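# Structure at a glance
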Amino acid sequence: MIEAKEVSFSYDDEETNTQKIVVDKLSLTINKGEFVAILGHNGSGKSSLVKLFNCVNIPCAGKVYVDRLDTTDEKVLFDIRSRVGMVFQNPDNQLVATIVEEDVAFGPENLGVPPLEIRKRVDDALKAVDMYAYIDAAPHNLSGGQKQRIAIAGILAMQPEYLILDESTAMLDPMGRREVMDTVKRLNRQGMAVILITHYMEEAAQADRVIVMEEGRIFMDADPKKVFSKVEEMKSLRLGVPQAAELAYCLKKGGLDIGETVLTPEAFVEAFQRRIQ
Amino acid sequence: MIEIRHLTHTYTSGIHKTDAIRDVNLTIADGELMGIIGHTGSGKSTLIQHLNALLKPTSGQVLLDGVDIFDSKAIALKEVRKNVGLVFQYPEYQLFEETVYKDIAFAPKNYGCSEEEIKERVLAAAKTVGLKENLLDKSPFALSGGQKRRVAIAGVLAMNPKVLVLDEPAAGLDPFGREKILYEVEKIRAQRGISVVLVSHSMEDVAAHADRIAVMHDGEMKMCGTPAEIFAQDQVLEEMRLDVPQITKILNALRKMGIAVPEDIFKVQEAADWILQNVPFTKG
Amino acid sequence: MLKDITLGQYFPGDSVVHKADPRMKILITLVFLIGLFTVKSWLGFLPVLVFTVFVIRISQVPFWYVLKGLKAIAVLIAITGCFNIFLTEGTVWFQIGWLKATYEGLNLAGFMLVRICMLIVITSMLTLTTTPIMLTDGIESLLNPLKKIKVPVHEFAMMMTIALRFIPTIMEETDKIMKAQSARGADFESGNLLQRAKAMIPILVPLFISAFRRADELAVAMECRCYHGDQNRTKLRQLHFSGIDALAAVFTLLVLVFQFVIEGMTL
């Protein structure tokens, strides 16, 4: 369980010489095995928030606990970081080694895991992201989606409980995004908690829970259907909703209510058909 | 007008020869907004680098207003690049000057414009992409991601090209930023009356903004036509694993149900309006 | 031209040479390099030559591929050769104006030629059969004793690894930036030296900024994966001396002994 209690984070803005508050007295609980998407426009504080979960950012007020471990306690730093793994945006800037398996081994090596155990973890992690065939490949020869899957494997090899993806699909093409989303969903089904930061509403719609951030605070925290039924609010936050949900909303405004909120074209067509007949 | 004729580009590495693009034919009319869609590795990047002669074809031609751009006797390389402006993906990574003004002025300076003309062009380009004048004296590195990208696009616009080619201008931006930059691309076309080539892997963006769409797959141009013509073939697009926009999927399903939705609707609001007017339903 | 440099490139394979311990390969290479410089007679090259040919054979790297590396330094060899031929005192072979080619010079040039070629071939064999990462591991392991006197051996090896990882990425980026600036009418090819140097600024500035950004992001990513230097660090790949390595060591010693014997006989 990740618990944020009245947590704040700020940094010094060098230009205006002021403290800029990016996370503002925020409280939040994320359970093991959950699939949470975090939405918010650039600068809403979502990236700063998740970096509080693995001690990259240290709170300036309030506390964050990961499985009851205090993130300000230096002694448990590596314990927390191996529990809360993070995949970043640019696939090129997070792979360390020249060979895939060496890169995946990087985390467990740092944790001092015995070599034979590392071997097993590397193989398992690469199989879990469906990249075992590329065990000897050089990262720069892989596609963006493949590189991100290697980055995920590198995190899995630390055997974490929580996997954070900080806009990890932003630089990928649709095929790469699908690869990463499929992998993440599969891992979630196997019990991994996933925290997904994304700009793509269709991706967020696949989560169990969507958190919308604004000005360093939580604006909405509900299941995707509830969140994406608030079309006007989402647009006012410079966000969007999946086109299926938007169409249903426009129809509802015109007097044709097709019932519950739909997130996919299939769901829309089904609900529409029922309503028309 | 740009005419691409039987364009083929073959890469050689070691003993392997691969066709990055194969026998591509395409004509882009003056003032047209042409969308090019395809996966990474489909050859779209290779294709657009031929349009301003950054790459030379293995065979085939590119004609700019009837002149072969690879014929150095007919037209100088620099002249080609001035007329066909190319904005790469993530263009903000090419900024290098101390101020936004100087960075936008880089191209006109390379083409030997007078100080006055440079100023005129920089101001015009900045205005077209929606950069406020008070930003011009700032360092480009102090700007936000979206603003940096505008500076980079203005830097190419300042050449006053006849054709503007943009590779994924909205990549990596949030939904609001994407919409805004694509709106600016349309504005550029409207204000300057130039041809625009918009490369993207987002079907939604291209569908909403392009006059015609060319689909690249495995180095070949598989389809070319109006968005309505392209999206009518959703089966083929799915086979190429290209994403069809949700709205198109829905409307295609409605058509199968026997509701005759016109082919040229790609925007959610338009679709809703049409359905409300044409589909009989009981209120409540 | 750049493509011809085989020095530093890896030729994938599965031979005993590929599988041998990188530490042993580095040591043997060093021994032979020193050996090459102690050779004083033509015949003295023979044992090393035979051994090298033998190693190339069993490594399954094609001969032409190994020799390709020599092409890149052909000019260098030719120039040193000329210096040797014309600047050595001795019996005149032929004369162009005041330049005298001597037989002694010819002999010396030939000797140098063989020495340099052997040197290149032997070091190429090391890099052709050893992945950069193994090479780094090997160097780190060999230099391990220096950690006691506070030499940052691990940090050095990590730097090597990261450099190797990012060279292709940065190369690609350089190419892209050059193209992007060319698209804005930048000209890198004409003008005098000063103008050309100035023309590099639009490439170098973005490249440096991007390299710093990458370094920054990579550092955070490495921290998130619990990197904290080599304290309590283990390694996936363990280096093991095997029977092959012992055999290689014995062979090397034999070759050295032969070399000394031959040298002794001819001197």
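As the structure is a computational prediction, the values presented were derived from the model and not from experiment. Every chain is numbered on its own, with residues counted from 1 as its sequence reads. Numbering of ligands from 1 and lettering of chains from A proceed in the order in which they are written. Totals for whole chains, interfaces and linings use all residues, but because this is a predicted model, local features are given only for residues with pLDDT of at least 70 and pairs of side-chain atoms are given and counted only at 80 or more. To obtain the side-chain values, all non-hydrogen atoms of the structure were used and water was disregarded.

### Structural notes on the overall build of chain A
For clarity, the threshold we go by: Secondary structure elements follow DSSP: runs of H or I no shorter than four residues count as helices, runs of E no shorter than two count as strands, and numbering proceeds from the N terminus. As defined in this context, the radius of gyration uses C-alpha atoms, and a globule is described by 2.2 Å times the residue total to the power 0.38. Burial status follows relative accessibility: with a 1.4 Å probe on protein chains alone, a residue under 20% of its type maximum counts as buried, one over 50% as exposed, and anything between as partly exposed. Any two residues having at least one pair of non-hydrogen atoms within 4.5 Å are treated as being in contact. Computed with a 1.4 Å probe, the accessible areas rest on the Shrake-Rupley method; for each residue, only the protein chains presented here act as cover. In summary, the charge assignment counts Lys and Arg as positive and Asp and Glu as negative, without counting His or the chain termini. Taken as the charge centre is NZ of Lys, CZ of Arg, CG of Asp or CD of Glu, depending on the residue.
A tally of helices and strands in chain A yields eleven helices and ten strands. The C-alpha atoms of chain A give a radius of gyration of 20 Å, which matches the 19 Å a tight globule of 277 residues would have. Along the first, second and third principal axes, the C-alpha set of chain A runs to 65 × 50 × 35 Å. The buried share among the 277 residues of chain A stands at 61%. Long-range pairs, those at least 24 residues apart, make up 62% of the contacts in chain A between residues at least 6 apart in sequence. If you sum the accessible surface of chain A, you get close to 10,800 Å²; carbon and sulfur atoms cover 46% of it. In chain A, 33 side chains carry a positive charge and 43 a negative one; their mean positions are 5 Å apart.

### Comments concerning the pattern of salt bridges
Residues and elements named next belong to chain A. This is how it is decided: Salt bridges are defined by distance alone: a side-chain nitrogen of Lys or Arg within 4 Å of a carboxyl oxygen of Asp or Glu.
Evaluated as defined, the whole model comprises 48 salt bridges over all chains. In this structure, the salt-bridge partner of Asp-166 is Lys-51, at a minimum N-O distance of 3.5 Å. Here Lys-51 lies in helix α1 (residues 46-53) and Asp-166 lies in strand β7 (residues 162-166), a separation of 115 residues in the sequence. The same class applies to Asp-166 and to Lys-51, which are both buried. The salt bridge partner of Asp-79 is Arg-83, with a shortest N-O separation of 3.1 Å. In this pair, Asp-79 and Arg-83 both sit in helix α2 (residues 77-83), four residues apart, roughly one turn of the helix. Under the relative-accessibility criterion, Arg-83 is labelled partly exposed at 24%.

### What to know about the nonpolar core
Nonpolar side chains in soluble globular proteins tend to be buried together. For the record, the criterion: Nonpolar cores are built from buried Ala, Val, Leu, Ile, Met, Phe, Trp, Tyr and Cys residues. Side-chain atoms within 4.5 Å join them into one set.
Grouped together as the largest cluster of nonpolar side chains are 55 residues, with contacts concentrated most on Val104(A), Leu126(A), Ile152(A), Leu165(A), Phe228(A) and Met234(A). Broken down by element, the residue count for this core peaks at six residues, all from helix α5 (residues 144-156) of chain A. In contact with Met234(A), not counting residues within four places along its chain, are Leu39(A), Val212(A), Met220(A), Val227(A), Phe228(A), Leu239(A), Gly240(A) and Val241(A). Grouped together as the second largest cluster of nonpolar side chains are 53 residues, Ala126(B), Ile181(B), Ile194(B) and Ala207(B) included.

### Here's the deal with helix α3 (residues 100-110) of chain B
Residues of α3(B) that are buried: Val100(B), Asp103(B), Ile104(B), Ala105(B), Phe106(B), Ala107(B) and Pro108(B). Residues of α3(B) that are buried make contact with α4 (115-128) and α5 (145-157) of chain B together with α8 (153-183) and α10 (201-224) of chain C. Phi for Gly112(B), located one or two positions after α3(B), is positive at around 70 degrees.

### Section: the domain arrangement of chain C
It is common to give the size of an interface as the accessible area that goes away when the parts come together. To keep it simple, the criterion reads: Start and end points for every domain follow an automatic or database-based domain assignment.
In terms of domain boundaries, chain C breaks down into domain 1 (2-130 + 239-266) and domain 2 (146-224). Relative to domain 2 of chain C, the C-alpha centre of domain 1 of chain C lies at a distance of 34 Å.

### Side note on helix α6 (residues 175-192) of chain B
Structural remark: α-helix, 3.6 residues per turn; residues separated by three or four positions point the same way. Residue and element names in this part refer to chain B. Stated precisely, the cut-off is as follows: To estimate how far a helix should reach, multiply one less than its number of residues by 1.5 Å. Our arc is simply the arc of the directions from the helix axis toward the C-beta atoms.
Given a rise of 1.5 Å per residue, 18 residues ought to cover 26 Å, and the 26 Å separating the end C-alpha atoms of α6 matches this to within 8%. Residues Gly-177, Arg-178, Ile-181, Leu-182, Glu-184, Val-185, Ile-188 and Arg-189 constitute the buried set of α6. Viewed end-on, α6 has its buried residues packed into an arc of 150 degrees, placing them on one side of the element. Counted as exposed and oriented over 90 degrees from the buried face of α6: Ala-190 and Gln-191. Against the buried residues of α6 lie β3 (33-37), α4, α5, β7 (163-167), β8 (195-200) and α7 (203-209). A positive phi of about 60 degrees marks Gly-193, the residue just after α6.

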